[in-house]
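# Structure at a glance
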Amino acid sequence: MKKLIVCIIYLFFTTLSFGQSLEAGKNGVVVSASKIASDIGIQIMREGGNSVDAAIAVSFALAVVWPEAGNLGGGGFMVIRFPDGSATTIDYREKASENAHEKMYLDRDGKPISGLSTEGPLSAAVPGTVAGMALAWEKYGLLPWNKLIEPAIELADKGFPVTYHLHTGLKNHYEEMAQFTATKDMFFPKGSVPEVGDILKFPDLAQTLGRIAQEGADDFYRGLTALKIVRSVNAAGGILTYDDLKNYRAIEQRPLRFQYRDHEIITMAPPSSGGVVLGQILKILENFPMSHYDYFSPDAIHKIVEAERFAYANRSKYLGDPYFVNNHTQYLLSDKLNDSLASEIKFNVAGNSLVTAPVFVPESEQTTHFSIIDKNGLAVSNTTTLNSSYGSCFVVEGTGILLNNEMDDFSIKPGQPNQFGLLGSEANSIQPNKKMLSSMTPAIVTQDNQIKYILGSPGGSTIITTVAQVIINLVDFGMNLRNAVHAPRFHHQWLPDNIYFEKFGIDKTLFEALEKMGYKLVIRSAIGDLNAIGIDHNLGIYIGVADNRRQSAVSCY
Ligand code: GLY
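Figured I'd write up the structure that's included with this text. The structure displayed is predicted, hence computed values, not measured ones.

## Observations regarding the pattern of salt bridges
- A complete count under the given rule lists 20 salt bridges for this structure.
- For Glu47, the salt bridge is made with Lys147, and the minimal N-O distance between the two is 3.1 Å. Of this pair, Glu47 sits in the loop between helix 2 (35-46) and helix 3 (51-65) while Lys147 sits in helix 5 (residues 145-158), placing them 100 residues apart in sequence.
- The salt bridge partner of Asp497 is Arg309, with a shortest N-O separation of 2.7 Å. Of this pair, Asp497 sits in the loop between strand 16 (490-491) and strand 17 (499-502) while Arg309 sits in helix 14 (residues 298-318), and the two are 188 residues apart along the sequence.
- Relative accessible area serves as the criterion here: at 5%, Arg309 is assigned to the buried category.
- Connected through shared salt-bridge partners, Arg93, Glu94, Glu406 and Asp409 make up one network.

This is how it looks when you write it as structure tokens:
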């Protein structure tokens, strides 16, 4: 009885005090980039769906209401943990066309041609999202497939109100987007940027979703939609073929699982670098008494940054599509290696990345992450993307499908930084049918074989450090989930050799202490947008926390 009262008070106050950014429920929680999408996920659960059903419905809904990153024309990764403690992942990362080749974005002198890998149909890889959702549903869904797409069809057909975030995003990307007729017609139907509160409808997308609801993924990869994609992309100078689509398969694969102190992390193996880099950062940090340092103290930041430096350097050299390269995952996560790397970290002295830092080109980091749990404890952690905001900015004629610009996640020219300033090597070079390396890090954290947290974030190269820091905040600094998510963040990725701090995340004393150690500090905008769920086994409730850095929202019941 006492437990029930505490629980009711908790639910009442958390909902009352923190609105959409923190809510708790006993039967299910969804935390996503959009309140509309989170509500759809909960509705699916109320109708008897499980977390996987909800994830599919949320994913399709985000393709409508969160078009900067929610998608049909992109890809991603889904981590699923079952109530019995077993886990799996769905890899629906995009892959290069069979026509792709290593020099496709270089001029005659071997220099990258500006914009070619980031804008327009040539920057698009073969999309994986529809195949990924279909595979997740075939293996683990409960409700009929078409039911999961209906809410998205309705949103696209009847329209939805333009938020401030969408208005600003469209305004900032008007130039790139309006150069493509179908994109302009879809997002700027009156010829100008839609205002906040305008109702935006996507009739072509509603039709496409309707076909996918009826015919399944076959429509997208073999049917009318496939034909439309090939025709439209090729007419505009792209290289995707019908066989690219027909041969695309989402893959179910084992998750990467490793220990961090007394917690277990369940996350993505390559072709995402997320899991391996996260693992290496944490394994190096296991060598230090992090909980003895003050949170955001120079000591703590020094250790975390140096661990990040090693992990991103190794990412750059070794990681790529596991069907093409040996990622040396076991070695990179071995205690032997990471203990020895930790021993190289000098007391209070910044490391040195030893190479002239390439120019860092600040770009949008528009991936999107949602976390879901249902009444049976089935957990889904899903990150999906078009790569940049609005991907290639190219909408396939007559479909409402915005294509990704994921080809830029390959190392276009080994040694040349991509839009996130990430350097790559041969391991991540372009080859036909190869998947480009990702930083997406959907994760689930357990302790004593009980699920504790579900989390993940957008943010390009900053995804991994965002997830790492929230885990460190929880495990080492003993923060509650809300504080762990909302705490200020920083980022280091080996090269450029800078620590990036959020604008309001650092004071003068800390700045000077780190400079004294030899660090170069750069102030930047918000890092990541981490959507998380915590499970309180004592109270028997789920607590959803939406990051307050963007517009994310929790729904629960
Ligand atoms: N496109 C961002 C990522 O996959 O990491």
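There is more to say, and it comes next.
## Some points on the packing of aromatic side chains
- Following the criterion strictly, the structure yields 15 aromatic pairs and no others.
- With 5.6 Å between their ring centres and 50° between their planes, Trp137 and Trp145 make a pair best called tilted.
- Trp137 gets classed as partly exposed once you look at its relative accessible area, which sits at 26%.
- Taking the relative accessible area as the measure of exposure, Trp145 reaches 7% and is therefore buried.
- Judged by centre distance (4.7 Å) and plane angle (70°), the ring pair of Tyr174 and Phe188 falls under edge-to-face. Of the two residues, Tyr174 is situated in helix 7 (residues 174-178) and Phe188 in the loop between helix 8 (181-187) and strand 6 (199-200); the sequence distance between them amounts to 14 residues.
- Classification of Tyr174 by relative accessible area gives partly exposed; the value is 24%.
- Given the relative accessible area of 2%, Phe188 is considered buried.
- Chaining the aromatic ring pairs together yields one cluster made of Tyr295, Phe296, Phe477, Phe490 and Phe501.

## Description of the environment of Asn387
- Residue placement: Asn387 occurs in the loop between strand 11 (379-385) and strand 12 (395-396).
- Assessed through its relative accessible area of 2%, Asn387 is described here as buried.
- Along the primary structure Asn387 and Asp536 are separated by 149 residues, whereas in three dimensions their C-alpha atoms are 34 Å apart.

## Let's talk about the sheet that holds strand 10 (residues 367-373)
- Pairing is antiparallel in the open sheet, where 7 strands are placed in the order 7-4-3-11-10-2-21. With partners counted over all chains shown, the strands left at the sheet margins are strand 7 (251-253) and strand 21 (553-556), one partner each. Pairs of neighbouring strands in the sheet enclose a mean axial angle of 15°, with direction left out of account.
- One ladder, built from 3 bridges, connects strand 4 (residues 87-92) with strand 7; its direction is antiparallel. Directly across from Asp91, in strand 7, lies its bridge partner Ile251.

What counts, and at which threshold
Residues numbered from 1 in each chain as written. Predicted model: local features only at pLDDT ≥ 70, side-chain atom pairs only at ≥ 80, totals over all residues. Heavy atoms only, no water. Salt bridge = Lys/Arg side-chain N within 4 Å of Asp/Glu carboxyl O. Helix = DSSP H or I, 4+ residues; strand = E, 2+ residues; numbered from the N terminus. Buried < 20%, exposed > 50% of the residue type's maximum accessible area, 1.4 Å probe, protein only. Phe/Tyr/Trp six-rings, centres within 6.5 Å; stacked < 30°, edge-to-face > 60°. Pairing = 2+ DSSP bridges. Axes fitted to C-alpha atoms, helices over the stretch in contact; angles between N-to-C directions.

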